[in-house]
There are 2 protein chains.
Amino acid sequence: MSDLREIGAIMEPMGRAALAAAAVLARTGSPRKDAALNAAAGAVRAAAGAILAANERDLAAAAARNVGHARLDRLRLDAARIESIARGIEQVAQLPDPVGRVRASWERPNGLHIERIAVPLGVIGIIYESRPNVTADAGALCLKSGNAVILRGGSESERSSRALHECLVQGLEAAGLPATCIQLVPTRDRAAVGYLLAGMTEYLDVIVPRGGKELVERVQKEARVPVIGHLEGNCHVYVDRDADLSMARVITLNAKMRRTGICGAAETLLVDAGCAATHLAPLVEDLLAAGCEVRGDAQVQRVDARVVPAREEDWYTEYLDAVIAARVVAGVDAAIEHIARYGSAHTEAIVTANAATAERFLSHVDSAIVLHNASTQFADGGEFGMGAEIGISTDRFHARGPVGLEQLTSYKYVVRGSGQVRP
Amino acid sequence: MSDLREIGAIMEPMGRAALAAAAVLARTGSPRKDAALNAAAGAVRAAAGAILAANERDLAAAAARNVGHARLDRLRLDAARIESIARGIEQVAQLPDPVGRVRASWERPNGLHIERIAVPLGVIGIIYESRPNVTADAGALCLKSGNAVILRGGSESERSSRALHECLVQGLEAAGLPATCIQLVPTRDRAAVGYLLAGMTEYLDVIVPRGGKELVERVQKEARVPVIGHLEGNCHVYVDRDADLSMARVITLNAKMRRTGICGAAETLLVDAGCAATHLAPLVEDLLAAGCEVRGDAQVQRVDARVVPAREEDWYTEYLDAVIAARVVAGVDAAIEHIARYGSAHTEAIVTANAATAERFLSHVDSAIVLHNASTQFADGGEFGMGAEIGISTDRFHARGPVGLEQLTSYKYVVRGSGQVRP
């Protein structure tokens, strides 16, 4: 591991450059930022060959290290994924600029006119693994919201990230913006991550971790600046006694199986004892038929021999796989209690035709997202209409739920008077 | 200093109790919270004698330790201050409840209806010094916003704080709420503060320090939970070449001298070279005549022999006294640069009749509050119309500027559907 001074010699200038770039970006209007984004998208398309070649070298190195299939897949780029990256950058350019928006305005009895106006957060640190596209996605979102960004990707996608970063820089320079608006930490040294987390408090306003649980845990533990993110998405679907059975089946299957590896995938199914006689078996059989392993309590086990006995830890577990925990509970209050005890405050859904029961669930469940009669897989910035997201937060401070452009801003108060003084 | 385990044995149960109380408060409607506040105000009035007696004992102990006059004054309660505390609690009860407010709502193309709804932050830790009224003020604001609170006051106001806390508990119990909604750390042990800052991450959502620079610095350095607050209010008044002179004089004098000890007091006067010939002398003479020491650059020194030469550190200094630094700058851009370099991102004002110059200042100056043609002393939650404030934040995350009830809340998303699943 490198000497702290060596790391500092690399990171400190990056921090200072980011601060300077942030000051420029704070005063940069939408047209110039969008021009940079669109030019970057064009650069990505033009450099597709070079990006793929860099990616090949990353893949070869990973294969030589016997990296598993799923990880190789996260690492891999192809022509379609590169086009998707380019299009994603252009889509960010199309989004409304969050900076400068008047979030609230009012007049005081003494005639002062007060506005709360959105401003960039400043400098954002993004620490991520495997997926090279984060370089472009996160870089674009930060730029659009007027923030300078320092990116630190996974070492296995280093060449791919660097190739993409070069395209972003080309876009910045084409629009007359400092290249240092988007910086990529140039070292594989793991000490760089620790330095970002604890040694850059003068420069960073927030850190966003994008990756697996181990990474997020480390960031939350060591960071000395605010962190936006979530550790776990242990999401629940509660099927109430007044749930329409076919709606419950469609929602449950989608919530678990549409994509099992995303944070909004349902990990526990709770079925009201009041409808278990009619609803439980169809729900469980649907899941089994779709290839999902079901780990259930005693009552759920009696539905089908393929149901595995659930243990206490299963109620806490985020499987990110075709596995679900299932339990029969005594009504909505028991469901609320179960979620409060075992959940991760991410996303929970209730299926019911009873409006009062729905309202009780929606108001009592303290998660970032609560849904009535819809799938937990809607826990996504795009689905929310934010256009894009940099992640989902389960914290309560600053941002909760999908983190889009608006959440990457702060605000200031602009007060207009005509000579007022305070008595 | 007590054993860590001893402190833990006191603090951990408080944390658990606060979490449980927060869960109750999150579901408690305005009428009950207001009933508790009004009953607490009544209890304060009824116990005025006992509170004053406790305060007398605190004052006697402080005087015996030769505590200075200003500190004794912050410590002192009298009949008027007690009535003011009671009335302050009642005023908080009158404020609109921030919890449950729909901050945004929209419909998606697929028919999902999404609402962003305010919820309490959860558990707030308040660490403060000298002033016993913070026990009541902060306690009331946290309760109104649905948060449980753990208060840790200064040891010199311990008896006064305890007497006030008892009144708050009476109010809670009268309204049928858990007494643990508002807890007072019962020990003088300084280790309790360290434990609150770093050992209660499971329980606290945020910490608010109320006190001098040393306390705030310690909190910002050691806290392992988010902190809302500010370190310094090094506020500026910039008098532009197009400033109306009499408006500039009135604003400058008010900004510096209305109350010199508050964070919104102006600490540096910047005068545009373009109007120095006509504006500088009257501004400086006004301040000197009001008993304010002026520390100025060479040009300011030439106005009056009483002007003290300013040193580099004066531009950084928050005097909290009848002292001001004064400098002539080359126009609005130079003022913006000076503020960016020396300021604390708190509150800055420009006096000018030139709309374009004003807009440039307002958009380029990156402070929590920027004012055009008004005094910096308006940097206050009450003046902003928030009804009350728990402090002012110069951070960029979660809350910036005056921190009122709304800033003591988080939010969640409530999504209503009719069976939608994600494609």
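Residues numbered from 1 in each chain as written. Chains lettered and ligands numbered in written order. Predicted model: local features only at pLDDT ≥ 70, side-chain atom pairs only at ≥ 80, totals over all residues. Heavy atoms only, no water.

1. Re the overall build of chain A
- Across its full length, chain A carries 14 helices and 16 strands.
- By the compact-globule yardstick of 22 Å for 423 residues, chain A fits well, its C-alpha radius of gyration being 24 Å.
- Relative to its full complement of 423 residues, chain A shows a buried share of 58%.
- Considering only contacts in chain A between residues 6 or more positions apart, those separated by 24 or more positions represent 71%.
- Positive and negative side-chain charges of chain A, numbering 46 and 51 respectively, have mean locations separated by a distance of 5 Å. (Helix = DSSP H or I, 4+ residues; strand = E, 2+ residues; numbered from the N terminus. Rg over C-alpha atoms; globule rule 2.2 N^0.38 Å. Buried < 20%, exposed > 50% of the residue type's maximum accessible area, 1.4 Å probe, protein only. Contact = heavy atoms within 4.5 Å. Lys, Arg positive; Asp, Glu negative; His and termini not counted. Charge placed at Lys NZ, Arg CZ, Asp CG, Glu CD.)

2. Some thoughts on the sheet that holds strand 6 (residues 206-210) of chain A
Residues and elements named next belong to chain A.
- Across the sheet, which stays open at both edges, the 4 strands sit in the order 5-4-3-6 with parallel pairing between neighbours. Each having just a single partner strand, strand 5 (182-184) and strand 6 make up the two edges of the open sheet. Strand after strand, the sheet turns through a mean of 20° between neighbouring axes, direction not considered.
- Note that strand 4 (residues 148-152) and strand 5 share 3 bridges and pair parallel. Note on strand 5: the bridge partner recorded for L151 is L184.
- Strands in contact with helix 1 (residues 4-26) are strand 3 (123-128), strand 4 and strand 5; relative to strand 4, the strand with the most contacts, it is inclined by about 145°.
- Sitting on the sheet, helix 9 (residues 213-222) touches strand 3 and strand 6, and the angle it makes with strand 6 is about 165°. (Pairing = 2+ DSSP bridges. Axes fitted to C-alpha atoms, helices over the stretch in contact; angles between N-to-C directions.)

3. Regarding the environment of B:D366
Residues and elements named next belong to chain B.
- Mapped onto the elements of the fold, D366 is located in the loop between helix 15 (355-364) and strand 13 (369-374).
- Classification of D366 as partly exposed rests on a relative accessible area of 38%.
- Taking the C-alpha atoms as reference points, D366 and A63, separated by 303 residues in sequence, lie 43 Å from one another.
- Excluding anything up to four places from it in sequence, D366 contacts A345, R396 and R400.
- In terms of polar contacts, D366 uses its side chain to reach the side chain of R396, at 2.7 Å. (Polar contact = N/O pair within 3.5 Å; in protein donor to acceptor, adjacent residues only side chain to side chain.)

4. Comments concerning the domain arrangement of chain A
- Splitting chain A by domain gives domain 1 (4-229 + 403-415) and domain 2 (235-378).
- In this structure, domain 1 of chain A and domain 2 of chain A have C-alpha centres spaced 36 Å apart. (Domains from an automatic or database assignment.)

5. What about the side chain of A:R295?
Residue and element names in this part refer to chain A.
- In this structure, R295 sits in strand 9 (residues 293-296).
- Polar contacts involving the side chain of R295 include one to the side chain of E293, which spans 2.6 Å.
- Excluding residues that lie within four positions of it along the chain, R295 makes contacts with V307, V308, A310, R311, D314, Y319, V323, I324, A325 and A326.

6. Remarks on the side chain of B:T347
All names here are of chain B.
- Tracing the backbone shows T347 in strand 12 (residues 347-351).
- Among the polar contacts made by the side chain of T347, one reaches the side chain of H346 at a distance of 2.8 Å.
- Not counting chain neighbours up to four residues away, the residues in contact with T347 comprise C235, H236, S367, I369, L371, T376 and A379.

7. Observations regarding the relation of the copies chain B and chain A
- The transformation that overlays chain B on chain A combines an axial shift of 0.0 Å with a rotation of 180°, and the residual RMSD is 0.0 Å. In symmetry terms, the pair is related by a two-fold rotation axis. For chain B, the minimum C-alpha distance to the rotation axis belongs to B:H398 and amounts to 1.9 Å.
- When you check the interface residues of chain B against chain A, 100% turn up at the interface there too, and the contact is symmetric in its surfaces. (Least-squares fit on C-alpha atoms with pLDDT ≥ 70 in both.)

8. Observations regarding the pairing of strand 11 (residues 323-329) of chain B
Residue and element names in this part refer to chain B.
- For strand 11, the buried fraction is high: 6 of the 7 residues fall into the buried class.
- Relative to strand 11, strand 8 (residues 266-272) runs parallel, the two being bridged by 5 bridges. Bridge assignment links T268 to a residue of strand 11, and that residue is A325.
- Sheet topology note: the strand 9 (residues 293-296)/strand 11 ladder contains 4 bridges and is parallel. Looking at strand 11, one finds that E293 is bridged to V323.

9. Re the packing of helix 5 (residues 79-94) of chain A against helix 6 (residues 133-144) of chain A
Residue and element names in this part refer to chain A.
- Running from N to C, helix 5 and helix 6 point in directions that differ by 10°, and their axes come no closer than 9 Å. With respect to each other, helix 5 and helix 6 are oriented roughly parallel. Between helix 5, through I85, I89, V92 and A93, and helix 6, the contact on the second element is made entirely by N133, A136, A140, L141 and K144.
- Looking at the contact of helix 5 with helix 6 residue by residue, the class counts come to 7 nonpolar, 1 polar and 1 charged. (Parallel < 35°, antiparallel > 145°, perpendicular 65-115°, else oblique. Nonpolar A, V, L, I, M, F, W, Y, C, P; charged D, E, K, R; others polar.)

10. Describing the pattern of salt bridges
- On inspection of all chains with the given rule, the structure shows 60 salt bridges over all chains.
- A:D380 serves as the salt-bridge partner of B:R422, at 3.7 Å between the closest nitrogen and oxygen. Linking B:R422 in the segment after strand 16 (409-420) with A:D380 in the loop between strand 13 (369-374) and strand 14 (391-393), this pair reaches from one chain into another. Here B:R422 and A:D380 have matching classes, each one buried. (Salt bridge = Lys/Arg side-chain N within 4 Å of Asp/Glu carboxyl O.)

11. Focus: unusual backbone geometry
- Phi angles above zero are rare outside glycine, and A:N66 is one such case at about 60°.
- When you line up the elements, A:N66 lands in the loop between helix 3 (48-64) and helix 4 (69-75).
- The backbone phi angle of B:H398 is positive, close to 70°, even though this residue is not glycine.
- Along the chain, B:H398 turns up in the loop between strand 14 (391-393) and strand 15 (401-403).

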